[in-house]
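Analysis of the macromolecular model
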Amino acid sequence: MDFKKELKKKAAVVEKALDRFLPSQEAYPPLIHQAMRYSVLGGGKRLRPALVMASAEVVGGKADDVLPAACALELIHAYSLVHDDLPVMDNDDYRRGKLTSHKVYGEAMALLAGDALLTLAFKLLSECRCSRPEYVVRMINEVAADAGTMGLIGGQVVDTFSAGEDTNASALEYIHRHKTGAIYRAAVRTGAILAGAGEDELASLTEYAEYMGLAFQIKDDILDIEGDQKILGKPVGSDIRNKKATYPALFGLEKSKEKAVSAVDSAKEALRSFGKEADFLRALVEYVIQRDF
Ligand code: GRG
């Protein structure tokens, strides 16, 4: 399996579907629809939708059947980036190599566009076709929890309000597992639940996602120090500027790299009960710490 080729293929399918699911830029009131499309289309690695699709495939489902859910997870991710970039949060001017939403559309419109992306995500989730409607209800319930104060928002709250303070390892792990890990967890479980995964399969995939999310965020912290801003598409040093709790700040760069490798090993170990069908997921977690953007 050629991982990069497969990721590109999945990303292209997602791009087309997102274009279809997002309101057209002429739809009234046009400015918000333009802002939504600006922040979603034409950029991003599309890792979360790829995970939704791959997790469905691992347990015998079809990627096409979970495409609306895959797009919904990308919309939640996009909303979190739009809000995270706002002056009241990280105050970033660039994202994915272009100006952030509030720089183009203003803060009020960026805030509303983020809200609209989150709301559209749940509309798409509710429209998922599945032979068992109870799977759809369970999946929506889980995504809502993972996007809420017990997941993404909880992580963002602790991250934001612990900035500038001494952070210990357990608080840092809480931030990473929630701010970033919860949406990866939701992505993997969404694909698997809709495809009818058994509880053992779900447990293994969940463990995979949790370690994968941890590896991803440690690497993100490292890239904020060592990355090339031209390749990253955003300035480096934002964590230091905002006095954020990060793995390199707490453990140093070398130890952080070791911790990222260890999280990758644990993620792959969580897939031990699967065969070749999980090779994409294995390759994805390797990619997560080798990436340079
Ligand atoms: C409600 C005002 C308000 C804010 C909430 C929830 C939230 C804001 C922010 C979430 C925190 C966040 C943005 C975490 C970052 C996770 C992360 C490292 C994102 C980058 O992911 P990639 O590299 O990005 O997959 P691409 O561009 O490839 O999609």
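Preceding this section is the structure that the text describes.
Here is a short report on the structure shown in this document. A quick note: this is a predicted structure, and the numbers were derived from the prediction, not measured.

**Describing helix H14 (residues 253-269)**
An ideal rise of 1.5 Å per residue puts 24 Å on 17 residues; H14 measures up with 24 Å between its terminal C-alpha atoms. Of the surrounding elements, those touching the buried residues of H14 are helix H10 (199-226), helix H13 (247-251) and helix H15 (279-290).

**Some words on the packing of helix H3 (residues 47-58) against H15**
In contact at an axis separation of 10 Å, H3 and H15 are set at 155 degrees when each is read in the N-to-C sense. Here H3 lies roughly antiparallel to H15, going by the angle between them. Residues Leu 47, Ala 50, Leu 51, Ala 54 and Val 58 of H3 form the contact with H15, whose participating residues are Phe 280, Leu 281, Leu 284, Tyr 287 and Val 288. The class makeup of the residues in the contact of H3 with H15 is 10 nonpolar, no polar and no charged.

**Looking at the pattern of salt bridges**
Tallying each qualifying case throughout the model produces 29 salt bridges. Ionic pairing is found between Glu 142 and Arg 189, a salt bridge with its closest N-O pair at 2.6 Å. With Glu 142 in helix H7 (residues 133-147) and Arg 189 in helix H9 (residues 169-194), the pair connects residues that are 47 residues apart, well separated along the chain. Taken as a pair, Glu 142 and Arg 189 share a single burial class, namely buried.

How each quantity is defined
Residues numbered from 1 in each chain as written. Predicted model: local features only at pLDDT ≥ 70, side-chain atom pairs only at ≥ 80, totals over all residues. Heavy atoms only, no water. Helix = DSSP H or I, 4+ residues; strand = E, 2+ residues; numbered from the N terminus. Expected span 1.5 Å × (residues − 1). Contact = heavy atoms within 4.5 Å. Axes fitted to C-alpha atoms, helices over the stretch in contact; angles between N-to-C directions. Parallel < 35°, antiparallel > 145°, perpendicular 65-115°, else oblique. Nonpolar A, V, L, I, M, F, W, Y, C, P; charged D, E, K, R; others polar. Salt bridge = Lys/Arg side-chain N within 4 Å of Asp/Glu carboxyl O. Buried < 20%, exposed > 50% of the residue type's maximum accessible area, 1.4 Å probe, protein only.

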